[in-house]
Amino acid sequence: MNNGRVDIALQENNAIIASRAKRVTVALFKSKRTTFGVAVLAFFLILAILGRFIAPYNPLIQSGPLWSPPSESHLFGTNYLGQDVLSWFIIGTATSLWVGVSVAFFSALIGVSVGLTAGYFGKYTDEVLMRFVDMLLVIPAFPLLVILSAYLPPTTNSTILILSVLSWPFMSRVVRSQVLSLKERGFVTASKLAGESRLKIMFKDILPNMLPIIFINIIYLVIGAIVAQAGLAFFGLGNINSINWGTMLYWAQIEDAAIQNAWWWIIPPGLAIGILGLGLNMLANGISDMILLNQGR
Amino acid sequence: MITRRYLIRRLINVLIIAYGAITINFILPRIIPGNPVMTNLFAGGGGQIGNPVVIARLTQEFGLNNPNLFYQYSLYLTQLIHGNLGISFYYYPQTVYSVIMERLPWTLLLAGSGTLIAAGSGILVGIYLAWKKGTIRDSFFSSVGMMISSIPYFWIGMIFLILFAVDITIFPVAHAVTPGVTYHNIFSYMGDILYHAFLPITTLAVALLPIYALQMRNTMVTVMHEDFMKTAIAKGLPDSVVKMRYAARNAVLPVTTHVGLSLGYVVAGALMIEYLFAYPGVGYTLFIAIQNEDYPLMQGIFLIISLMVIAANFLVDILYTYLDPRVNLR
Amino acid sequence: MESIIEVRDLVKSFRASRGIFRKNQYTQVVEAVAKVSFSIKPKEIISVVGESGSGKTTLGRLIVRLLEPNSGKILFKGQDIFTLKTNDMLNFRRNVQMILQDPYDSLNPLYSIETSVVQPLNIFMKNMSRKTKREIVIKNLEKVGLNPAEQFLQKRPGELSGGQRQRVSIARAMIMDPKLVVADEPVSMLDASLRAEILNKMKKLKDTNDVSFMFITHDIATAKFMGDRILIFYKGAIVEQGNTSAVINNPSHPYTRLLIDSVPPINPEKARDYLSFKEEAGIEDQISTSSAGCRFANRCPFVMERCRTNAPNEVDISSDHRVSCFLYG
Ligand SMILES: Nc1ncnc2c1ncn2[C@@H]1O[C@H](COP(=O)(O)OP(=O)(O)OP(=O)(O)O)[C@@H](O)[C@H]1O
Ligand code: SF4
Ligand SMILES: [Mg+2]
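Residues numbered from 1 in each chain as written. Chains lettered and ligands numbered in written order. Predicted model: local features only at pLDDT ≥ 70, side-chain atom pairs only at ≥ 80, totals over all residues. Heavy atoms only, no water.

Section: the overall build of chain B
Consideration 1: Along the backbone of chain B there are 13 helices and 0 strands.
Consideration 2: N-terminal to C-terminal, the α/β element order of chain B is α-α-α-α-α-α-α-α-α-α-α-α-α.
Consideration 3: Within the span of chain B, comprising 330 residues, buried residues form 51% of the whole.
Consideration 4: Here the contacts in chain B between residues at least 6 apart in sequence split such that 72% fall between residues at least 24 apart.
Consideration 5: Per element, the accessible surface of chain B, about 15,700 Å² overall, is 68% carbon and sulfur. (Helix = DSSP H or I, 4+ residues; strand = E, 2+ residues; numbered from the N terminus. Buried < 20%, exposed > 50% of the residue type's maximum accessible area, 1.4 Å probe, protein only. Contact = heavy atoms within 4.5 Å. Areas by Shrake-Rupley, 256 points an atom, 1.4 Å probe, with all protein chains shown as cover.)

Here it is, written out as structure tokens:
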């Protein structure tokens, strides 16, 4: 075999790979839904990363009169201490997203490991693990979250830990059923025939083929964790002194913002969660449609 | 079809899950570092924790001064069988059980009517959206639905408070009944209850509605693609009849199951909404327990709610299996 | 010549479960492979012919040890393959390969053709340089007619046609120079125009690579085209086997004759049953016949009293031609 031929082949190959990456990107932006999802996600990510430079005031000092409605100097008004609500909101984005992303990361880690283990070993391991998962899925999560939060020190990390520990079961079910169906696929049999070890088949053939589905579920985990953290904060659990969307609502409730008619304090965090949830849902739906289309081919 | 064997298997399964919940309830306070129950119990924290009578009774009834966990566990189970969940620190001398039972009816009223209203109207909205599938109206309302279903329940309640109890004072901002009023007859009592429950129930219903509506829409869209739908259309039945009669009927069942299985959300929603409206159900009580470090009460609430949800789940599951053989096309 | 694979009294049955509840009274046992014995010699193509559901794939999967049998043995170079442990097992994998029935499913959609084909080299030739591996991959792709091979290296299965994918699967199975390749209806999913080409490729590989093929098909014409030897499979049992020309020229078992369509049935009443290929009849049929007697009795125009109570043994018709039927003793 002469070298020239192989080199030319490689150059062509790079071109093929580049065009493939381009195709994925184009597909992502061709659908309005995924474009919207990516845009929303990008918006909040920028807010989270650059928040401290964008925020007009230090959210913890009084920067205007108490309970003042939106004005030119305070676009989102001020709260009961005269702090700027917009700055609270912008700074709070980072913590809320951080909780969402880290909980999603840890529960995906647990869920994928448990699902792979159950699907890989099967038999009793599977039976025991799935019974346990069923139990966690049936027991209502919120009261359990409340108890755990009440017992652990009130920090954001505790909240992340608790939410991670309780959010993974659904992911593990999804992963397990994926393992069971992928196990029957021809290419897995082909790898077995080639002499590949079971462990390598699991990580090279089975796991990569379910990454899109795992990704979709990670998206759901992110939004679920943000909402759950807000709920816990609303009950005064977790670190109520941290600045995030949940604690904004907690203080608004404690100080009777609704009765004071201070809608400008209440609307931003809730609406932000809603819009983020909508964007992430659309992204997830768009991706799952792309998977279905791919399978149809 | 459903066999006795199947029923027994499900029953064993649900008993294992219930046992799991009971055990989690025992283990949690004991494995968490710092062990707040035990420490607070003896150090004397907030609320009634310092009360020596409470300490003495809890210690004796639950064997807390015996370090043997198996001994504690067996005592815990025995006490549980006798309905003893301990004494509330905050509501002393009331027991946890009596506190919960006093509050539970309010929660059931809220959660029950909220779910029914949300499921009923959600299914109708879902049918409508599936009907209009692909139109601008469908994508608009579906998007709004997706948005609302990720917004925390209590936020919706806060907005309702501003709109209907503060801006225009139609509804009360708190409580289940008007304090200090004597009623002339049962109707005025019921009227007062409904008047107070209206906003909380509406909030819960509005928060849950999109979940059911989207579920119904998606299930119906899937059903409409199935073979028997094509058969029905091929039979020459008008489109509308096919959609309504067949697709809707076949989609309602899975959605009803979903209603049963989503009780976890309902509970979470009800608990938060009660707190928001100072509605004296279990959720509000849970908040009070948290504020006052009343650990026995928190755990009791967790246990009772879990057992109820587990039982409800089981019933829905069995019901579904009974109804499952699909509605025939004739 | 010494045979490379020797199958002895191989039995494999499945539980066919109906409904949602496993292990209840509806569970029935399907004997997919029932006491099968035969052998495969070096450099020979043996065709296994049978209708759908007769257990051909199951037999193939047993021979490459994708399934474990209920009883019986398969000897590879004199060793029972079901007792092989790690290293011997790897050696067996290296020497016995299988080409799967469905080319659309047998390549991982995420990996390039090169990655898929090079996999056995990565496992067995750990010290080989990447460049040498690539050269071997290219050589093997060209052998199955994928020219120029370099163009295919970085493509994904999704960018290839069914015929091209099946060739990739063949190249991958051949890359370690195995001694035996089980080919499970390798052309059944392909266009007729492609079939002959792939079949010819495989026949050529037999000569160039010193490899034996066990060629599974439901079509006796293909078997005739391919095979040195032929093995007629009916409901999990071998009803006739032998040298291809002997079997084709002198089909002896009533079922074989039906396949070749040479002998019209005598009794018109029986004719309908005889000719009815109940494609998916599978389970009930199989269960009703797995009890006692000849498996073909329900469809056989020559059925006799003893066919219903006893199972016929294999008898020799000629030196390399055996049949299981009471008509011959
Ligand atoms: N994993 C399994 N579990 C249960 N039954 C099985 C399993 N695999 C095969 N069978 C049954 O064993 C019988 C033989 O199946 P097999 O796939 O070997 O047939 P085949 O001859 O390859 O058919 P085809 O030509 O359709 O591929 C069938 O009745 C089938 O239903
Ligand atoms: S043994 Fe009897 S039933 Fe079976 S094929 Fe021969 S003649 Fe027919
Ligand atoms: Mg087959």
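Details of the overall build of chain C
Consideration 1: For chain C, the count of helices and strands is 13 helices and 12 strands.
Consideration 2: Counting across all 329 residues of chain C, residues that qualify as buried make up 54%.
Consideration 3: Of the contacts made within chain C by residues no fewer than 6 positions apart, 65% connect residues no fewer than 24 positions apart.
Consideration 4: Counting every atom, chain C has about 14,700 Å² of accessible surface; 48% of that belongs to carbon and sulfur.

Regarding the packing of aromatic side chains
Consideration 1: Within the structure shown, the criterion is met by 29 aromatic pairs over all chains.
Consideration 2: Here the aromatic rings of tyrosine 120 of chain A and phenylalanine 121 of chain A are separated by 4.9 Å at their centres, their planes lie at 85°, and the arrangement is edge-to-face.
Consideration 3: Its relative accessible area of 47% is what places phenylalanine 121 of chain A among the partly exposed residues.
Consideration 4: The interplanar angle of 90° and the centroid separation of 4.9 Å between the aromatic rings of tyrosine 90 of chain B and tyrosine 91 of chain B together place this pair among those described as edge-to-face.
Consideration 5: Joined through ring pairs, the aromatic side chains of Phe142, Phe234 and Phe235 of chain A together with Phe154, Tyr275 and Phe287 of chain B make up one cluster. (Phe/Tyr/Trp six-rings, centres within 6.5 Å; stacked < 30°, edge-to-face > 60°.)

Digging into the pattern of salt bridges
Residue and element names in this part refer to chain C.
Consideration 1: Enumeration according to the criterion identifies 17 salt bridges over all chains in this entry.
Consideration 2: In this structure, arginine 65 engages glutamate 68 in a salt bridge whose closest nitrogen and oxygen atoms are separated by 2.9 Å.
Consideration 3: Among the residues examined, glutamate 68 registers a relative accessible area of 39% and is labelled partly exposed. (Salt bridge = Lys/Arg side-chain N within 4 Å of Asp/Glu carboxyl O.)

A look at the pairing of strand S8 (residues 212-217) of chain C
Residue and element names in this part refer to chain C.
Consideration 1: Within S8, 6 of the 6 residues are buried, leaving the element largely enclosed by the surrounding structure.
Consideration 2: Where strand S3 (residues 45-49) meets S8, 5 bridges bridge the pair, whose relative direction is parallel. Note that in S8 the partner of valine 48 across the bridge is isoleucine 216.
Consideration 3: In the classification by handedness, the crossover that spans strand S7 (residues 180-184), the intervening helix H7 (residues 192-209) and the parallel S8 is right-handed. (Pairing = 2+ DSSP bridges. Right-handed = clockwise from strand over helix to strand, strands pointing away.)

Focus on unusual backbone geometry
Residue and element names in this part refer to chain C.
Consideration 1: Cis geometry is found at the peptide bond from asparagine 147 to proline 148, where omega equals -15°.
Consideration 2: Here the phi dihedral of aspartate 9 falls at roughly 45°; this positive angle occurs in a residue that is not glycine.
Consideration 3: Within the secondary structure, aspartate 9 sits in strand S1 (residues 5-16).
Consideration 4: The backbone phi angle of glutamate 185 is positive, close to 40°, even though this residue is not glycine.
Consideration 5: Along the chain, glutamate 185 turns up in the loop between S7 and H7.

So, the site of ligand 1
Residues and elements named next belong to chain C.
Consideration 1: As a matter of local geometry, ligand 1 sits amid 14 residues, with Ser52, Gly53, Lys56, Thr57 and Thr58 nearest to it.
Consideration 2: In the model, an oxygen atom of ligand 1 is placed 2.8 Å from a nitrogen or oxygen of the glycine 53 main chain.
Consideration 3: Between ligand 1 and glutamine 101, the relevant distance is 3.4 Å, taken from an oxygen atom to a side-chain nitrogen or oxygen of the residue.
Consideration 4: Across the complex, the protein chains shield 66% of the 630 Å² of accessible surface that ligand 1 would expose by itself.
Consideration 5: Broken down by secondary-structure element, the contributors of at least two residues to the shell around ligand 1 are strand S2 (28-40) and helix H1 (56-63).
Consideration 6: With 3 residues, H1 is the largest single contributor of residues to the shell around ligand 1.
Consideration 7: Classifying every residue of the shell around ligand 1 by side-chain character gives 3 nonpolar, 8 polar and 3 charged. (Near = heavy atom within 4 Å. Polar contact = N/O pair within 3.5 Å; in protein donor to acceptor, adjacent residues only side chain to side chain. Nonpolar A, V, L, I, M, F, W, Y, C, P; charged D, E, K, R; others polar.)

Side note on the interface of chain B and chain A
Consideration 1: The interface is formed by 47 residues belonging to chain B together with 42 residues belonging to chain A.
Consideration 2: Linking chain B with chain A are 3 residue pairs in polar contact (both at pLDDT 80 or more).
Consideration 3: Elements with a minimum of two residues in the side of chain B that touches chain A: helix H1 (4-31), helix H2 (36-43), helix H6 (136-150), helix H7 (153-167), helix H11 (263-276), helix H12 (282-291) and helix H13 (295-323) of chain B.
Consideration 4: By residue number, the principal contributor to the side of chain B that touches chain A is H13 of chain B, which donates 9 residues.
Consideration 5: Classifying every residue of the side of chain B that touches chain A gives 36 nonpolar, 10 polar and 1 charged.

Quick notes on the site of ligand 2
Consideration 1: Taken together, His253, Pro254, Cys294, Phe296, Ala297, Cys300, Phe302, Cys307, Pro312, Cys325, Phe326 and Leu327 of chain C make up the full set of residues adjacent to ligand 2.
Consideration 2: Here the shell around ligand 2 is built from residues that sort into 11 nonpolar, 1 polar and no charged.

Things to note about the side chain of serine 191 of chain A
Consideration 1: Along the polypeptide, serine 191 of chain A turns up in helix H8 (residues 186-194).
Consideration 2: Those residues in contact with serine 191 of chain A that sit more than four places away from it in its chain are Glu196, Ile201 and Asp205 of chain A together with Gln119 and Arg172 of chain C.

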